[in-house]
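# Descriptive analysis of the structure
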Amino acid sequence: MNIWDSFKIALSSIWNHKIRSILTMLGIIIGVAAVIIIVAIGQGTKKQMTDELFSTDKNAIDIYYEYIPPEGETDMFWEEPELTSEDIQTLAEVPGVKAVVATNQGWGMMTHDDEQGEMQITGVGAEFFRARDIQVVEGRALYAADNDGLNRVVLIDTIARGKFFKESENPIGAIIDLNDNPYKVVGVYESPLPEQFRNPETGEMLMPRTVISMMFGNREIEQLQVIASDPENISETGRLAADTLTADKGLENGQYSTNDFEDYERELNTMISLLTLLIGSIAGISLLVGGIGVMNIMLVSVTERTREIGLRKAIGATRRKILLQFLIESITLTSLGGLIGIGLAAVGSILVSEFSPITASVSPLIVLIGVSFSALIGIIFGLLPANKASKLSPIEALRYE
Amino acid sequence: MMKLSDITKVYGKGSLEVPVLHGIDLTIEDGEFVAIMGPSGSGKSTLMNIIGFLDYPSSGTYELNGEQIASAKENMLAKLRNEHVGFVFQQFFMFPRDNAIKNVASPLVYAGVSRRERTARAKSLLEKVGLGDRMKHLPNQLSGGQKQRVAIARALVNNPTILLADEPTGALDSNTSEQIMKLFTQLNEEGKTVIIVTHEEEIAAYAKRIITIKDGCITEDRRVSS
């Protein structure tokens, strides 16, 4: 008797007990489907989060102030030290630093002719345009002199230009009204925002940061970013820049720090791996329970078919042949469950990808692992019933009622 | 030739020991037609199981064609059953979901015979037992007598030397019983050793040698001259 004969006997036995087989397979189906979907979602999420966090501005790193309370004090009021153009100059001279982006923020109501709308204002220096690769499409960029001289000049983005100015109208030199104060438009720049993030109702504008500081009363530099000439050394360059600034400012109860991307990435990976492991073990328990179900039903099957086993032995089946037959039956049962589980997982992954931003995909490797694992469960939990069947005495088995 | 010497069989252990056979000495030549008779509990079925390699004797020796097999391992017994013995049971014992051909061919599966060969042999044997028109029928579509014919064809499929039948007509009416016994007689005339276990005189009357067992001992061994 070859494996194929055993397999056919196994299939017909499963087919003859359809409902029982389906119920038995359910544990395996759910377990395998859960494992595969969770791994697929985990991988998809990891890829997506990694892409989002690290793909844009890969060579830019933020520098921020961190307050360190003196010994014994905890919740003291503290103030960030003022940063000036001189500090930016210091940072720009740090080895590996390509550019320094120092900005502050403002928000205002802009009026021009009959049009009125809110504007997001970013206060920048002359270096901003090169560092961020801002494309000026009309007029000019900002000069260092605009900051030094507190010139009340602005650049508007292409969205604001479309909203406030007619196509034929030349915005350069126009005097616009912002929070009841006049400013002169000196340029129009291509909005760097990706299409999907643009709000057609509002635009953005750039202004010398000294002017924002003066008009809005906030600090001249609120956000500080260093752009490294070599993206590979971004973390080292950022740390060096932060340390240089800390030393230069002679800080006592605080320091400048950077977000370490590698730490982020490592933390993220650990978190996702941990989550996958956790849910994976729950799925593993489901597989274990499913396996016990298989063992139970196989034991029932052995008892029910005692006379068949006796007859097979009487016509010359050896222990090995009987063992193999029942083992193949349990492997077929669990593998079939595994395959159905994979099919379910594939459908689930498509649904997840369709209705959520996560892209979950079932890889061929995981399919292979899924099938082999469910077959392994068939072997492990089929061994005991198969062994029981093979050890039946032919006379007692034939006499069994 | 089968030669059983001082065969005993004891069931259970220790104080629960139940002796079933007490020192059976029996020689059956090839081509004999033997009936083993005795009341229930006499040990005739146990003797048949030992002759048919379904069970081990507790002591004694068993020679088949001059080879001693009393101490054979279970795998060896399975092989001997497959090669030398064809069983026919009172309850027929069919594979209920397989048709007549598949039921007849089933021992060949364990003998490693190819599918084509299996089907061919099964078909010719079904013709021989008079079921040429019932080959594709399932067991539940066959009468008791027809089922027993399928069982006999199955017993013959491996071309065994011994045909062992345990109360083969026990579940059949007298008319059908007669047909089945005529089939056994025919097979014996063709050269098969036929051993039938029965408690019915009429059935035993077909045999050429009648062995009577009582309380685990052979009490009578007579040859019937026809």
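The present account deals with the structure reproduced in this document.

## Description of the overall build of chain B
Of the regular secondary structure elements, chain B holds 7 helices and 10 strands. Relative to its full complement of 226 residues, chain B shows a buried share of 46%. Sequence separation of at least 24 residues holds for 67% of the intrachain contacts in chain B that already meet a minimum separation of 6.

## Concerning the pairing of strand 6 (residues 175-178) of chain A
Residues and elements named next belong to chain A. Burial along strand 6 is one-sided: Ile176 and Leu178 are buried, while Ile175 and Asp177, pointing the other way, are not. Here strand 2 (residues 97-112) pairs with strand 6 via 2 bridges, running antiparallel. Bridging across to strand 6, Met110 finds its partner in Leu178. With 4 bridges connecting them, strand 6 and strand 7 (residues 181-189) associate as antiparallel partners. Opposite Asp177, over in strand 7, you have Pro182 as the bridge partner. If you look at the hairpin formed by strand 6 and strand 7, you'll find 2 residues sitting between the two strands, and Asn179 has a positive phi there, around 50 degrees.

## Thoughts on the sheet that holds strand 10 (residues 217-223) of chain B
All names here are of chain B. The 6 strands lie next to each other as 6-7-8-3-9-10, forming an open sheet whose pairing is mixed. Two strands close off the open sheet at either side, each with one partner strand: strand 6 (85-89) and strand 10. On average, each strand axis in the sheet is tilted by 15 degrees relative to the strand beside it, whichever way the strands run. Both strand 3 (residues 33-37) and strand 9 (residues 209-214) contribute to a ladder of 4 bridges, which runs parallel. Across the sheet, Met37 pairs through a bridge with Thr212, a residue of strand 9. On top of the sheet, helix 1 (residues 44-51) reaches strand 3, strand 7 (162-166), strand 8 (193-198) and strand 9; it is set at about 155 degrees to strand 8, its chief contact.

## Let's talk about the packing of helix 3 (residues 100-111) of chain B against helix 5 (residues 144-156) of chain B
Residues and elements named next belong to chain B. Running from amino to carboxyl end, helix 3 crosses helix 5 at an angle of 35 degrees, the nearest separation of the two axes being 7 Å. Handedness of the crossing formed by helix 3 with helix 5: right-handed. Packed against helix 3, whose contacting residues are Ala100, Asn103, Val104, Ser106 and Pro107, the element helix 5 presents Val150, Ala153 and Arg154 at the interface. Grouping the constituent residues of the contact of helix 3 with helix 5 by class yields 5 nonpolar, 2 polar and 1 charged.

## Comments concerning the packing of helix 1 (residues 3-16) of chain A against helix 11 (residues 319-355) of chain A
Residue and element names in this part refer to chain A. Relative orientation of the contacting elements helix 1 and helix 11 amounts to 55 degrees, with a least axis distance of 8 Å. In terms of orientation, helix 1 lies oblique with respect to helix 11. The way helix 1 lies across helix 11 gives a crossing that is right-handed. Here Ile3, Ser6, Phe7, Ile9, Ala10, Leu11, Ser13 and Ile14 of helix 1 come into contact with helix 11, specifically with Leu324, Gln325, Ile328, Glu329, Thr332 and Leu333. In the contact of helix 1 with helix 11, the residues fall into 9 nonpolar, 4 polar and 1 charged.

## So, the interface of chain A and chain B
Contact with chain A, which involves 18 residues of that partner, is made by 18 residues of chain B. Counting residues per element, the ones that place at least two in the side of chain A that touches chain B are helix 1, helix 10 (306-314), helix 11 and helix 13 (394-399) of chain A. A total of 5 residues in the side of chain A that touches chain B trace back to one element, the largest contributor, which is helix 10 of chain A. Residues that form the side of chain A that touches chain B fall into these classes: 8 nonpolar, 4 polar and 6 charged.

## Some details on unusual backbone geometry
Despite not being glycine, Asn179 of chain A has its phi angle at roughly 50 degrees, a positive value. On the basis of neighbour counts, which here come to 15 C-beta atoms within 10 Å, the residue Asn179 of chain A falls in the partly exposed class.

Rules used in this analysis
Residues numbered from 1 in each chain as written. Chains lettered and ligands numbered in written order. Predicted model: local features only at pLDDT ≥ 70, side-chain atom pairs only at ≥ 80, totals over all residues. Helix = DSSP H or I, 4+ residues; strand = E, 2+ residues; numbered from the N terminus. Buried ≥ 20, exposed ≤ 12 C-beta atoms within 10 Å, placed from the backbone. Contact = placed C-beta atoms within 7 Å. Pairing = 2+ DSSP bridges. Axes fitted to C-alpha atoms, helices over the stretch in contact; angles between N-to-C directions. Left-handed = near helix turned anticlockwise from the far one by under 90°. Nonpolar A, V, L, I, M, F, W, Y, C, P; charged D, E, K, R; others polar. Parallel < 35°, antiparallel > 145°, perpendicular 65-115°, else oblique.

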